[in-house]
Amino acid sequence: VQLQAYGGGLVQAGGSLRFSCAASGRTFNSIPMGWFRQAPGKEREFVAAISYAGRTTSYADSVKGRFTISRDDAKKTVYLQMNSLKPEDTAVYYCAARNQYYAVSDSPNGYEYWGQGTLVTVSS
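Residues numbered from 1 in each chain as written. Predicted model: local features only at pLDDT ≥ 70, side-chain atom pairs only at ≥ 80, totals over all residues. Heavy atoms only, no water.

K.L.:
Explain the overall build of the chain here, please?
P.N.:
The helix and strand tally for the chain stands at zero helices and 11 strands. For 124 residues, the compact-globule estimate of 2.2 N^0.38 gives 14 Å, and the C-alpha radius of gyration of the chain, at 13 Å, lies within 12% of that figure. Overall size of the chain, expressed as C-alpha extent along the three principal axes, is 40 × 25 × 25 Å. Across the 124 residues of the chain, 43% fall into the buried class. Of all intrachain contacts in the chain linking residues separated by at least 6 positions in sequence, the fraction that spans at least 24 positions is 57%. Of the roughly 6,300 Å² of accessible surface on the chain, a fraction of 45% belongs to carbon and sulfur atoms. Between the averaged position of the 13 positive side-chain charges in the chain and that of its 9 negative side-chain charges there is a distance of 6 Å. (Helix = DSSP H or I, 4+ residues; strand = E, 2+ residues; numbered from the N terminus. Rg over C-alpha atoms; globule rule 2.2 N^0.38 Å. Buried < 20%, exposed > 50% of the residue type's maximum accessible area, 1.4 Å probe, protein only. Contact = heavy atoms within 4.5 Å. Areas by Shrake-Rupley, 256 points an atom, 1.4 Å probe, with all protein chains shown as cover. Lys, Arg positive; Asp, Glu negative; His and termini not counted. Charge placed at Lys NZ, Arg CZ, Asp CG, Glu CD.)

Written as structure tokens, this is what we have:
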């Protein structure tokens, strides 16, 4: 699985951004997907995840109610809608994929495939 992330940029606090992550391969609809982020000097942390078939979603407490993860299996794409952005959301964001039919995971170690990072900077 190869992942290509799009989106990111500079936004003011309170604003919104939307990431998309396009996957290659024929098995996307059976792959759980996740978003992680890494701020300067910090470890990579979980943001959100969605199960294959999209029935289950999971969010970090810090983004719950502000971020929404979704997927479009026909387009082999997972999205992260980010609203009410805060300066502490500033980080490099990564999309990631697990192996087929696994459950969602909030650990980076649970993901086998990673996209390139894309930077989000939220100004106050």
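There's more to say after this.
K.L.:
It is not clear to me how the state of the cysteines should be interpreted in this structure. Could you clarify?
P.N.:
Two cysteines joined by a covalent bond between their sulfur atoms form a disulfide. Following the criterion strictly, the structure yields one disulfide and no others. Disulfide partner of Cys21: Cys95, at an S-S distance of 2.0 Å. One disulfide, between Cys21 and Cys95, carries an S-S torsion of 55° and so falls in the right-handed class. Of the two residues, Cys21 is situated in strand β3 (residues 17–23) and Cys95 in strand β9 (residues 91–97); the sequence distance between them amounts to 74 residues. (Disulfide = S-S within 2.5 Å.)

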